[in-house]
Amino acid sequence: MTFWPTDADPGHLEQTLARLSPRWTTWTLLTLQRHEHLRLPELGRALPWISGTALSQQMPRLQHHGLVDRTGRGQYQVTIAARQLAPVYEALSAWESTRFPTGQPTAEAERIETALARLRPRDTTTVLHLLAQHPRTSFTELQQRIGRPGSAYARLQRMQSDALLTRTGHGRYELTETGAALGPVYEALNTWSPSGTTAPASVPVAAPVAQATVSARATAALRRTTTAVQGLFSHAPAPESAVPAAWTAASRPLHTR
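Residues numbered from 1 in each chain as written. Predicted model: local features only at pLDDT ≥ 70, side-chain atom pairs only at ≥ 80, totals over all residues. Heavy atoms only, no water.

**What to know about the overall build of the protein**
- Counting secondary structure elements, the protein contains 14 helices and five strands.
- Looking at the 257 residues of the protein, the share that counts as buried comes to 49%.
- Excluding contacts between residues fewer than 6 apart, the proportion of contacts in the protein whose partners are at least 24 apart in sequence is 72%.
- Of the accessible surface of the protein, which amounts to about 12,100 Å², a share of 50% is contributed by carbon and sulfur atoms. (Helix = DSSP H or I, 4+ residues; strand = E, 2+ residues; numbered from the N terminus. Buried < 20%, exposed > 50% of the residue type's maximum accessible area, 1.4 Å probe, protein only. Contact = heavy atoms within 4.5 Å. Areas by Shrake-Rupley, 256 points an atom, 1.4 Å probe, with all protein chains shown as cover.)

If you want it as structure tokens, here you go:
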């Protein structure tokens, strides 16, 4: 299997990831797709762990990027482009569950969002592309490709923390098996293309993803409601005792997403 699509443009792929990766995007799109169309208050009731402010700010962004339409009756629905995301979501979910198993039931939407968070930070795709073409690349070469000398080391450290690349004994970098396994993800991303959208603003560097923490937050949030969309789960959440207040507070949107 070829790791990288032969006609892929790393810059275009990073723009695509920037559209899809902001926190709660996957949850929102899958919920709307299941319900066909919802007004904002109805969407909020279906996703009660997302604050009203976060939803209100998110919907114009999804409209701007061609993922959601707003009807004349004030209802939101996914676009054709959003419905065509199924292969992308399937590839992301498979990669995340295979490479970062949690050993516990995890919502599919949460797996997808966690995978996207690993790939979203600026230059991640560019670096992976370079290493796929030129294994064992030096720090200097990667630094020149990134073009931001002051932040290159931090970016590479984050990618190491997310198990996407490793540093050899000779001071060179190469893809890990986890990084090389992204082939189906990038193939799906390269095939999917939203029409009539504007390129998003530059994406800030995000901190390494703590998988266990993210899963705990999602699980805690899901337990707070009985109205969540069951189709989004790999396993339906089982009834449990009340969620600790600390987990409830931690389930708010992550600033690093």
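**A closer look at the side chain of R120**
- Among the structural elements, R120 can be located in the loop between α7 (108–119) and α8 (124–133).
- A distance of 3.2 Å separates the side chain of R120 from the side chain of S21, its partner in a polar contact. (Polar contact = N/O pair within 3.5 Å; in protein donor to acceptor, adjacent residues only side chain to side chain.)

**Observations concerning the packing of aromatic side chains**
- Counting across every chain of the model gives two aromatic pairs.
- Here the aromatic rings of W27 and W49 are separated by 5.2 Å at their centres, their planes lie at 75°, and the arrangement is edge-to-face. Taken together, the positions of W27 in helix α2 (residues 25–35) and W49 in the loop between α3 (40–46) and α4 (52–64) put the pair 22 residues apart, joining distant regions of the chain. The exposure classification of W27 matches that of W49, with both residues buried.
- Their ring planes at 75° and their centres at 5.4 Å tell us that W95 and F100 sit as a pair that is edge-to-face.
- The ring of W24 has R23 lying over it, and the distance from NZ or CZ to the ring centre is 4.0 Å.
- Lying over the aromatic face of F100, R118 brings its terminal NZ or CZ to 3.6 Å of the ring centre. (Phe/Tyr/Trp six-rings, centres within 6.5 Å; stacked < 30°, edge-to-face > 60°. Lys NZ or Arg CZ within 6 Å of the ring centre and 35° of its normal.)

**Some points on the nonpolar core**
- Residues L29, L92 and L119 are the most contacted members of the largest nonpolar core, which totals 55 residues.
- Those residues in contact with L119, other than ones at most four positions away along the chain, are L17, L92, T124, T125, L128, L164, L182, V185 and Y186. (Core = buried A, V, L, I, M, F, W, Y, C linked by side-chain atoms within 4.5 Å.)

**With respect to the environment of L43**
- By the secondary structure assignment, L43 is in helix α3.
- The exposure class assigned to L43 is buried, which follows from its relative accessible area of 0%.
- C-alpha separation for the pair L43 and T31, spaced twelve residues apart in sequence, amounts to 7.8 Å.
- Apart from the residues lying within four places of it in its own chain, the contact partners of L43 are T28, T31, L32, L38, L55 and M59.

**Side note on the sheet that holds strand β3 (residues 137–138)**
- Pairing in this open sheet of three strands is antiparallel, and the strands run β3-β5-β4 from one edge to the other. In this open sheet, the two edge strands, each paired with only one partner strand, are β3 and β4 (165–167).
- Running at roughly 95° to strand β5 (residues 172–175), α8 makes contact with β3, β4 and β5 of the sheet. (Pairing = 2+ DSSP bridges. Axes fitted to C-alpha atoms, helices over the stretch in contact; angles between N-to-C directions.)

**Some thoughts on the confidence of the model for the protein**
- Put simply, the protein has an average pLDDT of 78, and 72% of its residues get 70 or more.
- A low-confidence stretch, residues 196–257 stays under pLDDT 50, and its non-local contacts, those more than four residues away or across chains, total 111 contacts. (pLDDT = per-residue confidence, 0-100.)

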